[in-house]
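Geometric and topological summary
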Amino acid sequence: MRRLFSLVFGLGLLCASSAFGQFSVSDLSRLRNYESQRSSSYDRSGGNDDSSELKSGQELTLFDETGPAEIRHIWITVDDPEAYHLKKIVLRMYWDGEKTPSVEVPLGDFFGLGLGNYTIVNSAAIVVAPDKALNAYFPMPFAHSGKITVMNEGSKDAGDFYWNIDWVRVPTVPSDTAYFHAQYRQCTPCKGWYHGDFYSNNFHEAHQDPRWKNVSGDGNYTFLEAKGEGQFVGVTLSVFQNQWGGWNEGDEMMWIDGEKDPRIHGTGGEDYFNGAWGFSSLYSFPLTGLTEFHGWEPGSRFSHYRWHLEAPVRFHKAFRATIEDGHANLRSDNLFSVAYWYQMEPHTEFPPLPPVESRIPKIYFVGGPGQDPNMK
């Protein structure tokens, strides 16, 4: 029972090397050695103007503190009149004076809102509460300094940007502590190879193609490629479909420490996100969820999360996490993802963040079902 409480209510497993981690219910009676702190947008005059303005093109610093310390909770809400502002505001985090960020993600995607609109998320690591309240509970330790910024890449000003960041100052950060990272990726669209009859769902023509059997993982959508020592703790994935049918027959495949074959090879998209037999309704649990789902036609929307808190995927030299878009990557959908992991620094420099307009979900003409005028 103690282990169950730790899994659901605590995130100690997220950063197992940390000596301080998050509390579980069974640990609430322990008096730990830290100083409670908060960084906030509150009105310094004592009034009620508790937000900051985030102008178009402006960078705003939310957190800039010295360590040793650990961030325990981030709360953000924003009043922005611009459509898709969740895709246009970029969140970045830097640890111990590094020049390139350990976190670089559009604000909405970081909180599981990868299609740019607000939905409710109720998980152990991320919570989006009514109304437009963005919460993260990942432990984020740093030895010397921590900095969090947001950049408005939209064309309109965000008049009210609020934040509370709860953190603790600690005596020391153990030398084996891994640092929090999050990386955004997308394919818009993915380069599928099949343009035949998706309606019948039997793929008879596709079976004749040698690409139907994908044993190498070539063409898979990549969540993350990392070098160093660390552990993969989860992913959010949003899909905006260009074709009829469903993206979810794609398998996840993960390579660890340069091995030739994926050590982790799953059985399908809904299986990876801990569902079964396709998707039929929304669900949101501590470790897994489907928070957006709109059928199977072109323009359908899916948003998922999966936290590996039961056993973060450990790597010592290198790690690559991928998933197919449809079986053997035969589809051409739009995928948007954030990978979350902890590793020892330094980390590999991230791929450039895609231009802001390419992050906006839209249907692309890729041919095949739903877009082919010859299809009935």
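Up top you'll find the structure we're talking about.
Structural notes, computed from the coordinates.

Rules behind the numbers
Residues numbered from 1 in each chain as written. Predicted model: local features only at pLDDT ≥ 70, side-chain atom pairs only at ≥ 80, totals over all residues. Heavy atoms only, no water. Helix = DSSP H or I, 4+ residues; strand = E, 2+ residues; numbered from the N terminus. Rg over C-alpha atoms; globule rule 2.2 N^0.38 Å. Contact = heavy atoms within 4.5 Å. Areas by Shrake-Rupley, 256 points an atom, 1.4 Å probe, with all protein chains shown as cover. Lys, Arg positive; Asp, Glu negative; His and termini not counted. Charge placed at Lys NZ, Arg CZ, Asp CG, Glu CD. Buried < 20%, exposed > 50% of the residue type's maximum accessible area, 1.4 Å probe, protein only. Polar contact = N/O pair within 3.5 Å; in protein donor to acceptor, adjacent residues only side chain to side chain. Pairing = 2+ DSSP bridges. Phe/Tyr/Trp six-rings, centres within 6.5 Å; stacked < 30°, edge-to-face > 60°. Lys NZ or Arg CZ within 6 Å of the ring centre and 35° of its normal. Salt bridge = Lys/Arg side-chain N within 4 Å of Asp/Glu carboxyl O.

**Quick look at the overall build of the chain**
Along the backbone of the chain there are 5 helices and 23 strands. Since a compact globule built from 376 residues should have a radius of gyration of about 21 Å, the 21 Å found for the chain is in line with a globular shape. Viewed in the frame of its principal axes, the chain has a C-alpha envelope of about 65 × 45 × 40 Å. Relative to all contacts within the chain whose residues are 6 or more apart in sequence, the contacts with residues 24 or more apart total 78%. A total of about 16,200 Å² of accessible surface is found on the chain, and carbon and sulfur atoms cover 53% of it. Of the side-chain charges in the chain, 32 are positive and 47 negative, and the distance between the mean point of each set is 3 Å.

**Topic: the side chain of S123**
For S123, the position within the fold is in the loop between strand 7 (121-122) and strand 8 (126-129). With relative accessibility at 8%, the residue S123 sits in the buried group. Within the local environment of S123, its side chain forms a polar contact with the backbone nitrogen of A125, the two atoms lying 3.4 Å apart. A distance of 3.0 Å separates a polar atom in the side chain of S123 from a polar atom in the side chain of W307. Residues within four places of S123 in sequence aside, it is in contact with F285, P286, Y305 and W307.

**Looking at the pairing of strand 4 (residues 69-79)**
Most of strand 4 sits inside the fold, with 9 of its 11 residues counted as buried. Two elements, strand 4 and strand 10 (residues 140-142), share 3 bridges in a ladder whose sense is antiparallel. Each residue of the ladder has a partner; that of E70, found in strand 10, is P141. The pairing of strand 4 with strand 12 (residues 158-169) spans 10 bridges and is antiparallel. If you follow E70 over to strand 12, its bridge partner there is V168. Bridge analysis of strand 4 against strand 9 (residues 133-136) gives 3 bridges, and the strand direction is antiparallel. Bridged to I74 within strand 9 is A136.

**Comments concerning the packing of aromatic side chains**
Aromatic ring pairs: the centre-centre distance and the angle between the two ring planes describe each pair. Within this structure, the stated rule accounts for 27 aromatic pairs. Measuring from centroid to centroid gives 5.5 Å for F63 and W167, while their planes differ by 90°, and the two rings are edge-to-face. Within this pair, whereas F63 is found in strand 3 (residues 59-66), its partner W167 is found in strand 12, the two being separated by 104 residues in sequence. Residue classification places F63 among the buried positions, given a relative accessible area of 1%. Taking relative accessible area as the criterion, W167 reaches 3% and is therefore assigned buried. Put simply, the rings of F110, F111, F138, F180, Y305, W307, Y340 and Y342 pair up and form one aromatic cluster. If you follow R44 out to its NZ or CZ, it ends over the ring of Y42, 4.1 Å from the centre. Over the aromatic face of Y34 sits the side chain of R72, whose NZ or CZ is 5.6 Å from the ring centroid.

**Thoughts on the side chain of E98**
In this structure, E98 sits in the loop between strand 5 (89-95) and strand 6 (103-106). Buried charge without a partner: E98 forms no salt bridge, and the closest opposite charge is R92, 11 Å away. At 3.0 Å, the side chain of E98 and the backbone nitrogen of W95 are in polar contact. Once residues within four sequence positions are removed from consideration, E98 is found in contact with M93, E345 and H347.

**Quick look at the environment of F110**
Tracing the backbone shows F110 in helix 3 (residues 107-110). What makes F110 buried here is its relative accessible area of 0%. Distance from F110 to V338, taken between C-alpha atoms, is 6.6 Å for residues 228 residues apart in sequence. If near-sequence neighbours (up to four positions away) are discounted, F110 is found in contact with L91, M93, V103, V105, I126, A136, M140, F180, A182, V338 and Y340.

**Examining the pattern of salt bridges**
Taken as a whole and judged by the stated rule, the model has 14 salt bridges. Here E292 ties to R301 by a salt bridge, and the two come within 2.9 Å at their closest N and O atoms. Owing to a relative accessible area of 15%, R301 belongs among the buried residues under this scheme. In this structure, D333 engages R331 in a salt bridge whose closest nitrogen and oxygen atoms are separated by 2.6 Å. Summarising the burial analysis for this pair, D333 and R331 share the class buried.

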